[in-house]
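Next come the chains, spelled out residue by residue.
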Amino acid sequence: MPFASAFAQTTVPTPASVVPPGKPAPAAASPAVAKADEPTNPAGAWQLVRTIALPQPGVASLDRRGTLYVADSRDNIRQYGPDGQALNTFSPPQPGHVAQLEAWNTTKILVFYDDRQQLLLLDRFAAPLGQFNLLDLLDGTARAATLAPDDRLWLLNESDLTLRQFDANAKTFTHSTPLDLLIGRSRPDFRFLREYQNNLYLVDRVNGIYVFDNLGNYRKKLPFAGLNTIGFRGDELYFLADGAIQFFQLYTFSQRTLPLPPAIAADARQVLVGEDYAYVFTAAGVSVYRM
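Residue numbers here run from 1 along each chain, matching the order of that chain's written sequence. Selection of residues for local features in this predicted model requires a pLDDT of at least 70, selection of side-chain atom pairs for listing and counting requires 80 or more, and totals for whole chains, interfaces and linings are taken over all residues. Each side-chain value is derived from all of the structure's non-hydrogen atoms; neither hydrogens nor water enter the calculation.

J.: Go over the overall build of the protein chain, please, and point to the residues and values.
T.: Of regular secondary structure, the protein chain possesses two helices and 25 strands. Only heavy atoms enter the contact rule, under which two residues are in contact if any of them lie within 4.5 Å. Look at the contacts in the protein chain between residues 6 or more apart in sequence, and 48% of them connect residues 24 or more apart. Throughout, the Shrake-Rupley method with a 1.4 Å probe supplies accessible areas, and for residues the shown protein chains are the sole cover considered. Of the accessible surface of the protein chain, which amounts to about 12400 Å², a share of 52% is contributed by carbon and sulfur atoms. For the purposes of this entry, the term helix denotes a DSSP run of H or I that reaches at least four residues, the term strand denotes a run of E that reaches at least two, and both are numbered from the N terminus.

Have a look at this one:
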């Protein structure tokens, strides 16, 4: 059965990429930013609350309560309160590269190990609930994965360039979307997958952000290339580029820019924005700011 409580190891080559998706490259190199409105908040308004010493942090995610989850350099999952206070740590019984974390689901945290092609589910206390072996589900290699609000799984099969939705309860695939016509002759570099407000967002570092509805039907492409990951806050999509957080309104398509504090802007590699706090990731760790 694909869902099990045991943690068996499977060895599969990591999908080829210029930069591993779990170790984001500096975002300042992104050429994707369209001309935006003037900055809406001065960098001086940032208030440093805490600095988390965490060398070479990997992928990260926020849940709806503002709890922060971060993969460390050894691929342990570390859990922090909204103000950066350490809470729990999950250490996997077997090594594996964490390519994506998804904590937006109200009851589960998804951990995607791309090298051993496994999905691990954790509860809100970072304790394991079970896992899926993707080699039992896909005829190929998953490049990105995420958990839908209804607990179904979205998987990007890099081998046949399909976006597929899996129903774990029925143990069947419910939707499949071929991507070859969308991509054309380009060589995509898929980095991130996330469902938000009934749309599914697929980040391709080469071509931009592909947007699908919650049934996998293609809707449009956003022209933001050069990205490793994106975030969402309210009705805005955001990403880090040019030493600032670039916000894109999902329905009016307006843009605004929030510059990072000058002391950390040049070293920032990733950013997450919650309701009250922002988290700026550097090679040395995470800086927690009150907004």
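J.: Account for the pattern of salt bridges, naming residues and giving values.
T.: Any carboxyl oxygen of Asp or Glu within 4 Å of a side-chain nitrogen of Lys or Arg constitutes a salt bridge here. Using the criterion set out here, one finds 11 salt bridges in the structure. Among the salt bridges present, the one from Glu102 reaches Arg194, with a minimum N-O distance of 3.3 Å. Residue Glu102 is located in strand β7 (residues 98–102), and its partner Arg194 is located in strand β15 (residues 190–196); the two are separated by 92 residues in the primary sequence. Among the ionic pairs, Arg191 bridges to Asp189, the shortest N-O distance being 3.0 Å. The structure contains a network of salt bridges with shared partners spanning Arg143, Glu158, Asp189 and Arg191.

J.: Before we move on, could you go through the confidence of the model for the protein chain and cite the residues and values that matter?
T.: Per-residue pLDDT for the protein chain has a mean of 87; in total, 85% of the residues score no lower than 70. This stretch, residues 1–32, has a pLDDT under 50; its non-local contacts, to residues over four places away or in other chains, come to 94 contacts. Every residue in residues 34–39 scores below 50 in pLDDT, and together they form 12 contacts with partners more than four places removed in sequence or on other chains. Every residue gets a pLDDT, meaning the predictor's confidence in that residue, from 0 to 100.

J.: Break down the side chain of Arg116 for me, with residues and values.
T.: Relative to the elements of secondary structure, Arg116 occurs in the loop between β8 (109–113) and β9 (118–122). Buried and without a salt bridge, Arg116 has Asp115 as its closest oppositely charged side chain, separated by 4.8 Å. In protein, a polar contact requires one atom able to donate a hydrogen and another able to accept it; more generally it is a pair of N or O atoms within 3.5 Å, and residues adjacent in sequence count only if both atoms are side-chain atoms. Engagement of the side chain of Arg116 in a polar contact is seen with the backbone oxygen of Gln94, the distance being 3.2 Å. Within polar-contact distance, the side chain of Arg116 engages the backbone oxygen of Pro95 at 2.9 Å. Burial here depends on accessible area, computed with a 1.4 Å probe over protein chains only, as a share of the maximum for the residue type. Under 20% is buried, over 50% is exposed, and the range in between is partly exposed. His residues and chain termini do not enter the charge count, which takes Lys and Arg as positive and Asp and Glu as negative.

J.: If you had to explain the nonpolar core to someone new, which residues and values would you point to?
T.: Working definition of a nonpolar core: buried Ala, Val, Leu, Ile, Met, Phe, Trp, Tyr and Cys residues. They are joined through side-chain atoms within 4.5 Å. Ranked by internal contacts, the top residues of the largest apolar core, which has 28 residues, are Leu68, Ile245 and Tyr279. Those elements giving two or more residues to this core turn out to be β3 (60–62), β4 (68–71), β20 (236–241), β21 (244–249), α2 (262–265), β23 (270–273), β24 (277–282) and β25 (285–290). At five residues, β24 tops the list of elements feeding residues into this core. Those residues in contact with Tyr279, other than ones at most four positions away along the chain, are Leu62, Gly66, Leu68, Gly81, Pro82, Gln270, Val271, Leu272, Val286, Ser287 and Val288. Counting 16 residues, the second largest nonpolar core, distinct from the first, contains Tyr201, Leu222, Phe232 and Ala241.

J.: Hey, could you go over unusual backbone geometry for me, with residue numbers and the actual values?
T.: Backbone geometry places Gln56, a non-glycine residue, at a positive phi of 55°. With respect to the element layout, Gln56 can be found in the loop between β2 (47–53) and β3. Gln56 gets classed as partly exposed once you look at its relative accessible area, which sits at 40%. Despite not being glycine, Asp151 shows a phi value in the positive range, around 75°. One can find Asp151 in the loop between β11 (142–147) and β12 (153–157).

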